[in-house]
Amino acid sequence: LGVLFAVITASSVYTGIKCVCFDFSSVAEGVLMGLGVLWGNMTFVLAKAYVDRVVAPKGILVPTLHHRPLTWNSNLVRRRCSNCNQRIRTNKAWTSPGFNACVDCFRDHTKKQKREEARS
């Protein structure tokens, strides 16, 4: 990503110098030449967004409940909440490998986390 940024920056500087030094026969040629800078920067922004999306952790991190991100699972059968030890009746819960959190515990801990973040 750093290399792509450097290449696009160098290309933008080169295009900028060319735009200033060239003698264009119409305004449209100058505008089209300047759009090369815009397209180069858009390429970088889209590449960065793609990489961020691919490497982003899956799930929601609630440190007061569990140290790993939790994902929504709607196919649980005969499981218990790892926090309150109640049976998960709806077959839907927030899970992480070896950990299950019922909807009520997840909601309570996310509220607790938001209160703690508001204090700090």
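Now for a description of the structure that goes with this document.

Definitions and cut-offs
- Residues numbered from 1 in each chain as written.
- Predicted model: local features only at pLDDT ≥ 70, side-chain atom pairs only at ≥ 80, totals over all residues.
- Heavy atoms only, no water.
- Helix = DSSP H or I, 4+ residues; strand = E, 2+ residues; numbered from the N terminus.
- Rg over C-alpha atoms; globule rule 2.2 N^0.38 Å.
- Areas by Shrake-Rupley, 256 points an atom, 1.4 Å probe, with all protein chains shown as cover.
- Lys, Arg positive; Asp, Glu negative; His and termini not counted.
- Charge placed at Lys NZ, Arg CZ, Asp CG, Glu CD.
- Buried < 20%, exposed > 50% of the residue type's maximum accessible area, 1.4 Å probe, protein only.
- Contact = heavy atoms within 4.5 Å.
- Axes fitted to C-alpha atoms, helices over the stretch in contact; angles between N-to-C directions.
- Parallel < 35°, antiparallel > 145°, perpendicular 65-115°, else oblique.
- Nonpolar A, V, L, I, M, F, W, Y, C, P; charged D, E, K, R; others polar.
- Phe/Tyr/Trp six-rings, centres within 6.5 Å; stacked < 30°, edge-to-face > 60°.

Comments concerning the overall build of the protein
When its secondary structure is counted, the protein shows 3 helices and 3 strands. The order of α-helices and β-strands along the protein, N terminus first, is α-α-β-β-β-α. Relative to the compact-globule value of 14 Å for 120 residues, the protein shows a C-alpha radius of gyration of 25 Å, a clear excess of over 25%. The C-alpha extent of the protein, read off along each of the three principal axes, is 75 × 35 × 25 Å. Within the structure as shown, the protein displays about 8,900 Å² of accessible surface, and the carbon and sulfur contribution to it stands at 60%. Here the protein holds 17 positive side-chain charges and 7 negative ones, and the gap between their average locations is 19 Å.

A word on unusual backbone geometry
One non-glycine residue, Arg78, adopts positive backbone phi at about 50°. With respect to the helices and strands, the residue Arg78 is situated in the loop between β1 (71-73) and β2 (93-96). By relative accessible area, which is 77% here, Arg78 ends up exposed. In this structure, Asn91 takes a positive phi of about 65° despite not being glycine.

Quick notes on the side chain of Gln113
You can see Gln113 is positioned in helix α3 (residues 103-119). Residue classification places Gln113 among the buried residues on the basis of a relative accessible area of 16%. Ignoring any residue separated from it by four or fewer positions in sequence, one finds Gln113 in contact with Leu61, Val62, Pro63 and Thr64.

Digging into the packing of helix α1 (residues 2-21) against helix α2 (residues 27-55)
Across the interface, α1 lies against α2 with an axial gap of 9 Å and an inter-helix angle of 170°. In this view, α1 runs roughly antiparallel relative to α2, as classed from their interaxial angle. Contacts between α1 and α2 involve Leu4, Phe5, Ile8, Ser12, Thr15, Lys18 and Cys19 on the former and, on the latter, Gly30, Met33, Gly34, Val37, Gly40, Asn41, Thr43, Phe44 and Ala47. Of the residues belonging to the contact of α1 with α2, the class tally is 8 nonpolar, 7 polar and 1 charged.

Topic: the environment of Ser11
Among the secondary structure elements, Ser11 is positioned in helix α1. Judged by its relative accessible area of 40%, Ser11 is partly exposed. Between the C-alpha atoms of Ser11 and Val37, which are 26 residues apart in sequence, the distance is 7.5 Å.

Quick notes on the packing of aromatic side chains
Under the defined criterion, the tally for this structure stands at 3 aromatic pairs. Pairing Phe5 with Phe44 gives two aromatic rings, centres 5.1 Å apart and planes at 55°, and the pair type is tilted. Linking Phe5 in helix α1 with Phe44 in helix α2, this pair joins segments that are 39 residues apart in sequence. Their ring planes at 10° and their centres at 4.1 Å tell us that Trp94 and Phe106 sit as a pair that is stacked. A residue pair is termed long-range when its members are at least 10 positions apart, and Trp94 in strand β2 and Phe106 in helix α3 qualify at 12 residues. Looking at Trp94, the relative accessible area reads 15%, which means it is buried. Given the relative accessible area of 10%, Phe106 is considered buried.

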